[in-house]
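Observations on chain architecture
Chain by chain, the residues:
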Amino acid sequence: MCGIFGIVTEREQELGPILIEAGKRLSYRGYDSVGFATMDASQTVDLRKDVGKVGDVAGGHGVAGMKGLRGMTQLRWATFGAPSQANAQPHLDSTGDMVGAHNGNVVNNAELRAQFMAEGMAVRSTNDGESCVHAVERYLREGLGTQEAVRRACADLEGDYAFVIGRKNEDCLYAVKMGSGLVAGLGDGFTCVGSDLPCLLPLTRKIVRLRDGEMVILRGGGIEVRRIADGTLVDRPAQDVEETMEAAQKGGYPHFMLKEIHEQPKVAQDLLHLLGASKHMKRFVDRLKGARNLYFVGCGTSYHACVLGSVYMARLAGKAAVPVLAPQFTAQYVPALGPGDVGVFVSQSGETKDVLGALEAARAKGATVLGLANVLGSSLMHASDVYLPLACGFEISVPATKTFTNQCVAFLALALRAAGKDLTVLDALPSLIEATLGAVDGPVKELAPTLAGRNDLYCLGYGLTYAIALEGALKIKEVTYTHCEGMLSTEFKHGPLSAVDEGFPILFVAGPEDVPLMVSGINETACRGARTVVIAQEDPRLRANARGVLVLPPSDPLLAPILGVIPLQLLSYRLSVARGHDPDFPRNLSKTLTVD
Ligand code: M6R
């Protein structure tokens, strides 16, 4: 996820070190490139940017020596356009007199770029941040003042974003909030603005929180907040904030895990924007369709996404894909692999040794290797013939949550494309995830204390929800340190049923198409004393048979499994806290497993 920071001072000073430190504070959001711009008293715009880490780019471009009265930095997480120096932000307007940077997604970027070029503007990148700058330039060319041009530009830019922009021969910066985070700060002799509170906290604790549809005009001595729609002034006094840096990074949530669970509507939306615009999607899909044998390969949570992905692929595109754990892929399938075979290697970190080892083994046999990973610049990304990012930003909590959701979204999008269909069915997903979070939060809070004392649980699913049962069980094990097994519901009678006694908890995840089968499973266990809880859309047959129901909003059956994992993520989080553990950093585990 990108991040922006801007500062305006009353007296010219070395802004480079302030910008570098602000960039470092934004870096927890994840990024692949970084840029810095200053405007000094002689009114030149100094822009330095590159692919790489804040420290490396700053060191390589002498950023510490940048001086000025106004400055900005941006950390870019590639969405529109590959990670490259040209696509790194900030961006200049056609003349080089104005500079700006954004955070978020401008979804009509392609159309806007074509318009700007037709209007004779110098478009230098494929990045949507540049479109924010040219959108303002368009109205300056019509003779409007900067403030009005910024406001008018927002009407042309579709999507969720925030941007900061400044022109030479002025004394201020302008920043807008249109769906992405933006807070302003007031200090002694300076004002500043940033994507989030942590990036401002070491500079000031006097904060003004912007709302969507508002802009802020920053001068060295103070700020003005205005409504973008009509330019009217907003009277919003600064507040003194007391959050610690760590609390601010958690965005008000007690743990990163809970924050990341709640980020899922946003990251799903971001990924859908990205996949809709990605040039790599077609190349990826063509290779899936043309595969002689197709394998989806991962470990842990990423493997579970592979399991769901293979069901999507078969159901939608009529193409069989074998989901397999990476080391077992090496042992079982690599010996039979050859040219024409295709492996999709899936990993949040893109650094898991088991996955990279399997990928190299597949490549050595002449197979095509495709990558799905979250961390840009990861080894998996570099090693893949074609690669798609997951667009989740940084996932800090060890338990994978938002990255699992976006792995499933990516697989569903790929399967739809492989079937020659559009992605319309996915449009509703971000708001359905939001609705699910709202609907199940209370019931999960009530359920968790009743299960917190149990040391054995089962989580059962079938068809599309089989992968969700596996994932829910892994999440519960990982953060509660209890035994929880995920299984195909129909397998339960082939052995585990003997473990059931009075009150034995079993969680069923039921897709709307599998209700009769689930009702059988529920009864088979309930009559032996099991405490059955079902996660499903409202259905009288389930209500009549299960002891408890966590109700999901109605949705297309293809989306139901992705919604079904949310109550299990929340439940595992609540159980972990109830048992006195830190869900973000479970004992014995690491976020990135670079060992055998
Ligand atoms: O980075 P990866 O997706 O390759 O990691 C694979 C597993 O180690 C990972 O999914 C692990 O199972 C998670 N911590 C589960 O929440």
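Predicted model only: the values in this text are computed from it and were never measured.

**Regarding the environment of V324**
As for its position among the elements, V324 is in strand β17 (residues 322-325). On the basis of relative accessibility, which here comes to 5%, the residue V324 falls in the buried class. Residues V324 and E351, 27 residues apart in the sequence, show an inter-C-alpha distance of 18 Å. In this structure V324 touches F296, V297, G298, Y303, F329 and Y333, once residues within four positions along its chain are discounted.

**A few points about the nonpolar core**
Counting 86 residues, the largest nonpolar core has Y312, V344 and L426 as the members making the most contacts within it. A total of 11 residues in this core trace back to one element, the largest contributor, which is helix α15 (residues 402-418). Here this core spans two domains, since at least three of its residues come from each of domain 2 (253-427) and domain 3 (434-588). Among all residues touching V344, those that are not within four sequence positions of it are F284, L288, L294, Y295, F296, V297, L370, L372 and F411. One finds L15, L19, M66 and C199 within the second-largest nonpolar core, a separate group that totals 26 residues.

**Some details on the site of the ligand**
As a matter of local geometry, the ligand sits amid 15 residues, with S302, S347, S349, T352 and E478 nearest to it. S302 is positioned with one of its side-chain polar atoms (N or O) 2.6 Å from an oxygen atom of the ligand. In this structure, an oxygen atom belonging to the ligand sits 2.7 Å away from a side-chain N or O atom of S349. Of all the elements in the fold, those that place two or more residues in the shell around the ligand are α11 (300-317) and α17 (466-480). Of the residues assigned to the shell around the ligand, the class counts are six nonpolar, seven polar and two charged. Shared between two domains, the shell around the ligand holds at least three residues of each, these being domain 2 (253-427) and domain 3 (434-588).

**Looking at the domain arrangement of the protein chain**
Entries for the protein chain in the domain assignment read domain 1 (3-249), domain 2 (253-427) and domain 3 (434-588). Put simply, the middle of domain 1 and the middle of domain 2, counted by C-alpha atoms, are 33 Å apart. Counting residues at the interface gives 12 residues for domain 1, matched by 15 residues for domain 2. Together, the buried faces of domain 1 and domain 2 total about 1200 Å²; carbon and sulfur atoms form 66% of this surface. On the surface where domain 1 and domain 2 come into contact, there are zero salt bridges. In this assembly, domain 1 and domain 2 are joined by two residue pairs in polar contact (both at pLDDT 80 or more). Of the residues that constitute the side of domain 1 that touches domain 2, the class distribution is six nonpolar, four polar and two charged.

**Notes on the pairing of strand β23 (residues 505-509)**
Counting buried positions along β23 yields five of five residues, so the element is predominantly enclosed. Neither face of β23 is exposed, since P505, L507 and V509 on one face and I506 and F508 on the opposite face are all buried. By the bridge criterion, four bridges tie strand β21 (residues 456-461) to β23 in an arrangement that is parallel. Its bridge partner being in β23, C459 is matched across the sheet by L507. Pairing of β23 with strand β24 (residues 531-537), which is carried by five bridges, proceeds in the parallel orientation. Considered in β24, the bridge of V509 is made with I535.

Reading guide: rules and limits
- Residues numbered from 1 in each chain as written.
- Predicted model: local features only at pLDDT ≥ 70, side-chain atom pairs only at ≥ 80, totals over all residues.
- Heavy atoms only, no water.
- Helix = DSSP H or I, 4+ residues; strand = E, 2+ residues; numbered from the N terminus.
- Buried < 20%, exposed > 50% of the residue type's maximum accessible area, 1.4 Å probe, protein only.
- Contact = heavy atoms within 4.5 Å.
- Core = buried A, V, L, I, M, F, W, Y, C linked by side-chain atoms within 4.5 Å.
- Domains from an automatic or database assignment.
- Near = heavy atom within 4 Å.
- Polar contact = N/O pair within 3.5 Å; in protein donor to acceptor, adjacent residues only side chain to side chain.
- Nonpolar A, V, L, I, M, F, W, Y, C, P; charged D, E, K, R; others polar.
- Buried area = accessible area lost by both parts, 1.4 Å probe.
- Salt bridge = Lys/Arg side-chain N within 4 Å of Asp/Glu carboxyl O.
- Pairing = 2+ DSSP bridges.

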